[in-house]
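# Architecture at a glance
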Amino acid sequence: MKPFRSATVARAPEPPASVSLLAAFSEQLSRLYALVQGSRHVFGSPIGPFQAGERTFHLPRFVYFGSNASDAALRLSFLAGFAHQDLRPTLALLRLVESLTSKPDLGEGMSLSFFPLVDVLGLAQQAPERNLTAHSWAKPTAPEIELLERDARQRAYHGFVRLETATGEDTIVVRLRAPVPSENFAPALELISSVEVEPLPVRWESDETPHTAHGPLAIADDLPLHPFELTVRIPSTWPLDLYAEAAASILKRFVLRYRGFISYAQHL
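Residues numbered from 1 in each chain as written. Predicted model: local features only at pLDDT ≥ 70, side-chain atom pairs only at ≥ 80, totals over all residues. Heavy atoms only, no water.

## Observations concerning the overall build of the protein chain
For the protein chain, the helix and strand inventory stands at five helices and ten strands. Pairs at least 24 apart in sequence give 80% of the contacts found in the protein chain among residues at least 6 apart. Entry remark: accessible area of the protein chain is about 12400 Å², with carbon and sulfur atoms responsible for 51%. (Helix = DSSP H or I, 4+ residues; strand = E, 2+ residues; numbered from the N terminus. Contact = heavy atoms within 4.5 Å. Areas by Shrake-Rupley, 256 points an atom, 1.4 Å probe, with all protein chains shown as cover.)

## Thoughts on unusual backbone geometry
Cis geometry marks the peptide bond from Gly48 to Pro49, where omega comes out at 5°. Mapped onto the fold, Pro49 is located in strand S2 (residues 47–52). Backbone torsion omega between Glu198 and Pro199 reads 5°, so that peptide bond is classified as cis. A positive phi angle, close to 55°, is found at Gln125, a residue other than glycine.

## Overview of the side chain of Ser193
With respect to the helices and strands, the residue Ser193 is situated in the loop between strand S8 (172–177) and strand S9 (202–205). Its relative accessible area of 12% is what places Ser193 among the buried residues. Excluding residues within four positions of it along the chain, Ser193 makes contact with Trp204 and Arg257. (Buried < 20%, exposed > 50% of the residue type's maximum accessible area, 1.4 Å probe, protein only.)

## Overview of the nonpolar core
In terms of nonpolar packing, the biggest core is built from 74 residues, with Phe114 and Phe254 touching the most fellow members. Here this core takes 14 residues from helix H5 (residues 240–266), the largest share from any one element. (Core = buried A, V, L, I, M, F, W, Y, C linked by side-chain atoms within 4.5 Å.)

## Overview of the pattern of salt bridges
Counting across every chain of the model gives 20 salt bridges. For Arg61, the salt bridge is made with Asp151, and the minimal N-O distance between the two is 3.0 Å. With Arg61 in the loop between strand S3 (55–59) and strand S4 (62–65) and Asp151 in helix H4 (residues 143–155), the pair connects residues that are 90 residues apart, well separated along the chain. Residue class for Arg61 comes out buried when judged on its relative accessible area of 12%. Note that Arg88 and Asp86 form a salt bridge whose closest N and O atoms lie 2.7 Å from each other. Accessibility expressed as a relative area gives 12% for Arg88, which makes it buried. Linked by salt bridges that have partners in common, Arg162, Glu164, Glu169, Arg175, Arg177, Arg203, Glu205, Glu229 and Arg233 make up one network. (Salt bridge = Lys/Arg side-chain N within 4 Å of Asp/Glu carboxyl O.)

## Examining the side chain of Glu144
Within the secondary structure layout, Glu144 lies in helix H4. Here Leu121 takes part through its backbone nitrogen, which lies 2.9 Å from a polar atom of the side chain of Glu144. Separated by 2.9 Å, the side chains of Glu144 and Arg130 make a polar contact. If we skip the residues at most four places from it in the chain, Glu144 touches Phe50, Leu59, Val118, Asp119, Val120, Leu121 and Arg130. (Polar contact = N/O pair within 3.5 Å; in protein donor to acceptor, adjacent residues only side chain to side chain.)

## Regarding the packing of aromatic side chains
This structure, assessed with the given rule, holds nine aromatic pairs. Residues Trp137 and Phe160 carry aromatic rings whose centres are separated by 5.7 Å and whose planes lie at 75° to one another, so their mutual orientation is edge-to-face. Of this pair, Trp137 sits in the loop between helix H3 (120–123) and H4 while Phe160 sits in strand S7 (residues 159–166), and the two are 23 residues apart along the sequence. Phe160 shares its class with Trp137; the two are buried. (Phe/Tyr/Trp six-rings, centres within 6.5 Å; stacked < 30°, edge-to-face > 60°.)

## A closer look at H4
If you check H4, its first and last C-alpha atoms are 18 Å apart, about what 13 residues at 1.5 Å a residue would give, namely 18 Å. Every buried residue of H4 is accounted for by Glu144, Ile145, Leu147, Leu148, Glu149, Asp151 and Ala152. On the buried face of H4, the contacting elements are S2, S3, strand S5 (74–79), strand S6 (110–115), H3 and S7. Positive phi shows up at Ala156, right after H4, with a value of about 50°. (Expected span 1.5 Å × (residues − 1).)

The values reported here are purely geometric and, on their own, carry no functional implication.
Put into structure tokens, the structure is as follows:
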């Protein structure tokens, strides 16, 4: 995997207007659907449908299969676009999937699901303002969260990775939550470290909220595995190219580290 380019992280001009981001999203999503048709490792597989008024919608999903993927494969769910007002996480995740289409370099035995836009109805102006980030998956009232909850129960992910934007921050913010201490699986390893973020500045964030309160961990006790939830927030002041490059670098290095973590834990 190509290392992250060393760059000076400075306060940048304001991101493009939302209408420009919407146009970029439509173009990038269409291009990616076309690209994956010729890929052996990445597949476009939207989930749904669901109804809102007289219209039918699907939740965009792309699935990456490494070589020799099986039912025992490492399974992770990547989520972005919880608020349609900010499409930067969505665009960054789409760029990552596009790079995996042309260069599937994450190794063997993986099944990775990418959901670049969760707030589908918000973007289509079919729903009032909602906070899907803090939405409980245990009792979903938004149809998009209900689809994600069903998918999580079917696929039994090892973990969920959320890509978000950090406002009022000049550094990457990383938070890790789990229903049980991760050291129960492999005492000598951490799931993520500063190595995965270098050379960018990072602030580690803790969250004492019970895992049952919100997000995918609200259903963790009902799943065959106890998954973790990793949230990576990238500063809103960073230009989109740097934002997307940072996201790709961190997430890909995390996947490689976690693959090693699983291999280590299986031999304890």
